[in-house]
Amino acid sequence: MTRGTSDTRVPRRQAMRRKTQRMHHHFYQRYTEWMHGSDDPAAPMHWKRERWILAAAALTLTVLSALVMPVWARAMKSDVPPPSYVQIPLAVPVLASQEQPAPPAQWQIMHVQPGQTLSGLFESRGLSFADLKLALDATKKSGTLHDLHPGDEFAFLVDNGVLQAMRFDPDSTHRVTLRFAHGAVTRQVQTRTLERRVHIAHGVINSSLFGAASRAGMSEAMVVKLADVFKYDIDLAREVRTGDSFTVIYDDVWRDGAYLHAGNILAAEFYNRGHRFTAFRFQKPDGSIAYYSDDGRPLQKALLRTPLKFSRISSRFGMRMDPILHSMHLHAGVDLAAPTGTPIHAAGNGVISIRGWVRGYGRYIRIRDTPAYSTGYGHMSRFAPGLHVGSHVVQGQIIGYVGQTGWATGPHLHYEVRIHGRPVNPLTVTMPKPKPLPPKLLAMFKTRMQPMMARIDTVDANVRLASRMASDHLQAD
Ligand SMILES: [Zn+2]
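Conventions used here
- Residues numbered from 1 in each chain as written.
- Predicted model: local features only at pLDDT ≥ 70, side-chain atom pairs only at ≥ 80, totals over all residues.
- Helix = DSSP H or I, 4+ residues; strand = E, 2+ residues; numbered from the N terminus.
- Buried ≥ 20, exposed ≤ 12 C-beta atoms within 10 Å, placed from the backbone.
- Contact = placed C-beta atoms within 7 Å.
- Core = buried A, V, L, I, M, F, W, Y, C linked by C-beta atoms within 7 Å.
- Pairing = 2+ DSSP bridges.
- Axes fitted to C-alpha atoms, helices over the stretch in contact; angles between N-to-C directions.
- Arc of directions from axis to C-beta.
- pLDDT = per-residue confidence, 0-100.

A count of helices and strands for the protein chain gives nine helices and 23 strands. For the protein chain, the residues scored as buried account for 21% of the 477 residues in total. Residue pairs at least 24 apart in sequence account for 58% of intrachain contacts in the protein chain once pairs closer than 6 positions are excluded.

Below, the discussion takes up unusual backbone geometry. In this structure, Asp256 takes a positive phi of about 50° despite not being glycine. Along the chain, Asp256 falls in the loop between strand S7 (245-255) and strand S8 (258-272). In the Ramachandran plot, His420 falls in the positive-phi region, its phi being about 50° despite a non-glycine side chain. Topologically, His420 is positioned in the loop between strand S22 (412-419) and strand S23 (422-424). For His420, a count of 9 C-beta atoms within 10 Å gives the class exposed.

What follows is about the nonpolar core. Leu226, Val248, Ile265, Ala267, Ala268, Ala279 and Phe280 are the most contacted members of the largest nonpolar core, which totals 33 residues. The element contributing the most residues to this core is S8, with five residues. Among residues more than four places away in sequence, those in contact with Leu226 are Val248, Ile265 and Ala268. Of all hydrophobic cores here, the second largest spans 25 residues; its members include Tyr232, Leu303, Val334 and Ala346.

On to the sheet that holds strand S2 (residues 153-159). Taken together, the five strands give an open sheet; going across it, the order is S1-S2-S3-S4-S5, and neighbouring strands pair in antiparallel fashion. The sheet is open, and its two edges are formed by strand S1 (107-111) and strand S5 (184-191), each paired on a single side. Here the average twist between neighbouring strands, direction ignored, is 20°. Pairing analysis gives eight bridges linking strand S4 (residues 174-181) to S5, with the strands arranged antiparallel. Within the sheet, the bridge partner assigned to Val176 lies in S5 and is Val189.

Another point: the environment of His388. Structurally, the position occupied by His388 is in the loop between strand S19 (382-383) and strand S20 (392-393). The sequence separation of His388 and Ile352 amounts to 36 residues, and the corresponding C-alpha distance is 6.9 Å. The residues contacting His388, other than those within four sequence positions of it, are Ile352 and Arg355.

Our focus in this paragraph is the pairing of strand S3 (residues 162-171). Taken together, the six bridges between S2 and S3 define a ladder with antiparallel strand orientation. Bridging across to S3, Ala155 finds its partner in Arg167. Connecting S2 to the next strand, S3, in antiparallel fashion are two residues, including Asn160 with a positive phi near 55°. When S3 meets S4, the two strands line up antiparallel, connected through five bridges. Its bridge partner lying in S4, Ala165 is registered against Arg179. From the end of S3 to the start of S4, which pair antiparallel, there are two residues.

What follows concerns helix H8 (residues 220-229). Along H8, the residues classified as buried are Met222, Val223, Leu226 and Val229. Projected onto a plane normal to the axis of H8, the buried residues spread over an arc of 120° and lie on a single side. Within H8, the exposed residues directed more than 90 degrees away from the buried face are Glu220 and Ala221. Buried residues along H8 sit against helix H7 (209-215), S7, S8, strand S9 (275-283) and strand S10 (289-292).

Attention shifts here to the sheet that holds strand S21 (residues 398-401). The antiparallel open sheet is built from three strands, whose spatial order is S15-S21-S19. Looking at the sheet topology across the chains shown, the edges are occupied by strand S15 (343-345) and S19. Of the strand pairs in this sheet, S15 and S21 are connected by three bridges, and their pairing is antiparallel. The partner of Ile344 across the bridge, within S21, is Gly400.

The next subject is the confidence of the model for the protein chain. Per-residue confidence for the protein chain averages 82 on the pLDDT scale, and 77% of its residues sit at or above 70. Between the elements of the protein chain, mean pLDDT differs from a low of 44, seen in helix H3 (residues 83-87), to a high of 97, seen in S21. Across residues 1-6, confidence stays below pLDDT 50; counting only partners more than four residues off in sequence or on other chains, it has zero contacts. Ignoring residues within four places in sequence, the model shows residues 26-46, a span with pLDDT below 50, making six contacts including any to other chains.

Strand direction decides the pairing type here: S19 and S21, joined by two bridges, are antiparallel. Looking at S21, one finds that Arg382 is bridged to Tyr401.

Attention now goes to the environment of Phe270. By the secondary structure assignment, Phe270 is in strand S8. The sequence separation of Phe270 and Val248 amounts to 22 residues, and the corresponding C-alpha distance is 8.4 Å.

Right, let's talk about the environment of Ala165 for a bit. Structurally, the position occupied by Ala165 is in strand S3. Taking the C-beta count within 10 Å as the criterion, Ala165 has 19 such neighbours and is therefore assigned partly exposed. Between the alpha carbons of Ala165 and Asp131 there is a distance of 9.9 Å; along the sequence they are 34 residues apart.

In C-alpha cells form, the structure reads like this:
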C-alpha cells in the first residue's frame, strides 16, 4: 500500500467505496428497525474508522497465520511418512494402489420436488425399475412409499451404480432404511425421538414488535403465533407502542437433537398501553385446545378485530366530508387500506345475507353473525368462490379480496359492524365478554396455569428489580 501506486488505485477505490455505500444503503432500507439515530440521514459515514478496522483485522490475520502456520506445518508433517518409506512402495506402484481401500459409498440426500413421483426420483438417480419394484414390494404392507410430498427427504446409497440402500421418513418420528442385497430387501424402522423444549422470552418494544421479539430470541414464526393468540384484543401490527412489553413461554420441537420447527405459545402476558392481557393454552378433556385469559375466559370473541391481517386505517368511523359525494356524511364503517387482492376474512361465524353489487359499495358482502350483530365488507375486487346468500361462513374464512369497486379512490376494504341494524365503530365496539370455563374445568385450568403464571411473575419481578437497580445506580451517580 505505497503512495507511489495510488494514481492507478484511486478510481478502483472510489468504485469500491460507492459499492459499499450502496450495499449499506440497501441494508438499512430493508431493515429500517435496525437503524438507530436515523434522524440525520445526511451524517457522513465513518470511512476512516472502517479502514482502520479492516487494517486491524488484516494485521491480526497476518500475525495469527504467522504464528499458526508453522504449528500446522509441524502437525501435518507428523502424519506424512518420512520420504524413505515412500520410496520403497514406489517400486511396486500398482500393488500399492490396489491395497488402498476404495472410499465407502456416501448417502446421497435429495428432496422431493413438486409433482415428482417415486419412479421419477429413481430415474433421476439412474436407478433401475427392478430396484423400484423391490422397494415398493418391501413397503407394500405399510404403503409408506406411495405418499410422497414435496420436500420429503430421500437418501440413496449407491456403489458403482448398484443400489445398496435407501432411506426415507414416512412421518416425523420414523425413519425407514431399506437394504438391497442379492435381489432381496431388508427393512429397518427406526423410531426418532421428538422433544419439546420450553423457552421463556421477555421483551420491551422500542421500535417494532419483531425487533423486540428477535432480541428476546423468538423466531419470526413465534411472533406471528403470538400476534394470532392476542388478535381479538390487540392488533399487534398496528396498536403496539414504545414501552409495551411481553413475557412469553413457548416451546420448540426438536428431533434427534436438531431443531425441527416452532412449537406453540404456552402462556403469554402482554402490556399494551398500560393494559395487561394474558393468554394460556389449555386443552379440555374433550381434546379441544384454546387460549384463555388468567380468569379462565376464552380469548376468542364473536368478531375479529379486523378482517385483514395487515392494513392501514385510511378513514375512520364518523361524520366526514365524503371524498366522492363532496358533502358531509356519516362514514358508517372504517376503511382499511391494503393492496388489491389482499384476502378478506369473515370477522365472525354467520350466514351471508347480501352478496353482490351494491351501489357505492361495489362488490359487497354482509354477514349476519349473531341475531344482534352483522358485518359488511365493501369494494371487493372479487368474491371467494362458492359463496352465495345463505352460505354459512366461519370466523377467519376468506370471503373475498380487497379491491376498489364502487365509489373508492384507492384499493381498500370498507368494513362495517351493525348492532340491531345500527352502525357502530368497528375499531372501538366492545364484544360481550365470553363466559368463563365451568367450575370443574376452571379448577383444572387454574392448576395447569399456576406454574406458568409463577414463571412469568418471576421474570417480571426480576425485570422490575433490574430496572430499579439501574435507576438507583443512575441516582447514585
Ligand atoms: Zn368506507
